[in-house]
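Structure assessment
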Amino acid sequence: LQMTFAGSGVQAWLCAAAWVLGAVLLMKIILPLVIRRISKWAGATSTYWDDAVVDALRAVRWFLVALVALHPASSGLALNAVVQRWVSGVATVAFFLQLALCASAFIGGWISNVRNQSLEKDPSTTSALSILSFIARTVAWAILLLLLLDNLGFDVNALVAGLGIGGIAIGLALQNILSDLFASLSIVLDKPFQVGDFVIIDDFLGTVENIGLKTTR
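A short tour of the structure in this document, coming up. All of these numbers come straight from a predicted model, not from anything done at the bench.

Scanning the protein chain from terminus to terminus reveals eight helices and four strands. Walking the protein chain from its N terminus toward its C terminus, one meets helices and strands in the order β-β-α-α-α-α-α-α-α-α-β-β. In the protein chain, which comprises 217 residues, the proportion classed as buried is 26%. Restricting the contact set of the protein chain to residue pairs at least 6 apart, pairs at least 24 apart contribute 58%. Within the structure as shown, the protein chain displays about 14100 Å² of accessible surface, and the carbon and sulfur contribution to it stands at 70%.

On to the side chain of Ser104, then. Within the secondary structure, Ser104 sits in helix 5 (residues 81-121). In this structure Ser104 touches Arg137 and Trp141, once residues within four positions along its chain are discounted.

By secondary structure assignment, the location of Leu185 is in helix 8 (residues 175-190). For Leu185, a relative accessible area of 18% corresponds to the buried category. Distance in space between the C-alpha atoms of Leu185 and Leu132 is 9.8 Å, their sequence separation being 53 residues.

Moving on, we get to the pairing of strand 3 (residues 198-201). Note that strand 3 and strand 4 (residues 204-207) share four bridges and pair antiparallel. From the neighbouring strand, Phe198 faces strand 4, where its bridge partner is Thr207. Hairpin connection between strand 3 and strand 4: a loop of two residues separates the two successive antiparallel strands, and Asp202 in this loop has a positive phi of roughly 55 degrees.

Formed by Met27, Leu31, Ile35, Val54, Ala56, Val60, Val65 and Cys102, the largest nonpolar core amounts to eight residues. Of all elements in the fold, only helix 1 (10-42) and helix 2 (49-58) reach the threshold of two or more residues within this core. In terms of residues, this core owes the most to one element, helix 1, which gives three residues. Excluding residues within four positions of it along the chain, Met27 makes contact with Pro32, Val60, Arg61, Trp62 and Val65. In terms of nonpolar packing, the next biggest core, distinct from the first, is built from seven residues, Ala16, Val24, Ala73 and Leu77 among them.

Next up on the list: unusual backbone geometry. One non-glycine residue, Asp202, adopts positive backbone phi at about 55 degrees. Relative to the assigned elements, Asp202 resides in the loop between strand 3 and strand 4. By relative accessible area, Asp202 is classed as exposed at 72%.

With respect to the element layout, Thr92 can be found in helix 5. Classification of Thr92 by relative accessible area gives buried; the value is 18%. In this structure Thr92 touches Leu148, Asn151 and Leu152, once residues within four positions along its chain are discounted.

Each value, and the rule that gives it
Within every chain, residues take consecutive numbers counted from 1 along the sequence as written. For this predicted model, a pLDDT threshold of at least 70 governs which residues receive local features, and a threshold of 80 or more governs which side-chain atom pairs are given and counted, while totals over whole chains, interfaces and linings are taken from all residues. In computing side-chain properties, one takes all heavy atoms of the structure into account and sets aside hydrogens as well as water. Under the scheme used here, helices are H or I runs from DSSP no shorter than 4 residues and strands are E runs no shorter than 2 residues, and both carry numbers assigned from the N terminus. Relative accessibility under 20% of the residue-type maximum defines a buried residue, over 50% an exposed one, and the middle range a partly exposed one, all with a 1.4 Å probe and only protein chains included. The contact criterion used throughout is that any non-hydrogen atoms of two residues lie within 4.5 Å. Surface exposure here means Shrake-Rupley accessible area, sampled with a 1.4 Å probe, where a residue is shielded only by the protein chains that are shown. Paired strands are those between which DSSP finds at least two bridges. Buried Ala, Val, Leu, Ile, Met, Phe, Trp, Tyr and Cys residues that are joined via side-chain atoms within 4.5 Å together make up what is termed a nonpolar core.

Given below as structure tokens:
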């Protein structure tokens, strides 16, 4: 165990491997038990956030956990600065990617449960909830991306300023699409008609089947 390999002792390499394998094994063994326990508890409640927590936990990926475990695993190894920086960078990217997956699954699961219940009471709200789900997940990914870049040492302030200017340019270029988006939201919120209503527009008549982002069928 006192032999050295690539600047570190065999014992240090074994400890590093134990960090990674231990993290993966704990996730494989303990996480299913936690999910099963929370699922059983969530089934007895009428709230949606606990079901969304289950969806978030199911989004955990073992290979991302293994990559995150590289950071504490490498602390006991005699690595040069470049390798240590790369290991830390990979672990940071894996951590924020896993966090984004869990956040996206949580938002999607929560809104999906709300949408399924609202489908029975007010079908027209399902379109609005789908739009809100997409917007919320996009915002979550954007925030976590900025946090990731900040942790990697990038100048986030300059990036945000550039995105603001670029957002104005994109907004001007996508006026028609944004107009359709807000028109769809106004239909859902003001409810001039709902899914299932029979409407007549000029020479066309029929039942509203779906209210989408750009079109209504």
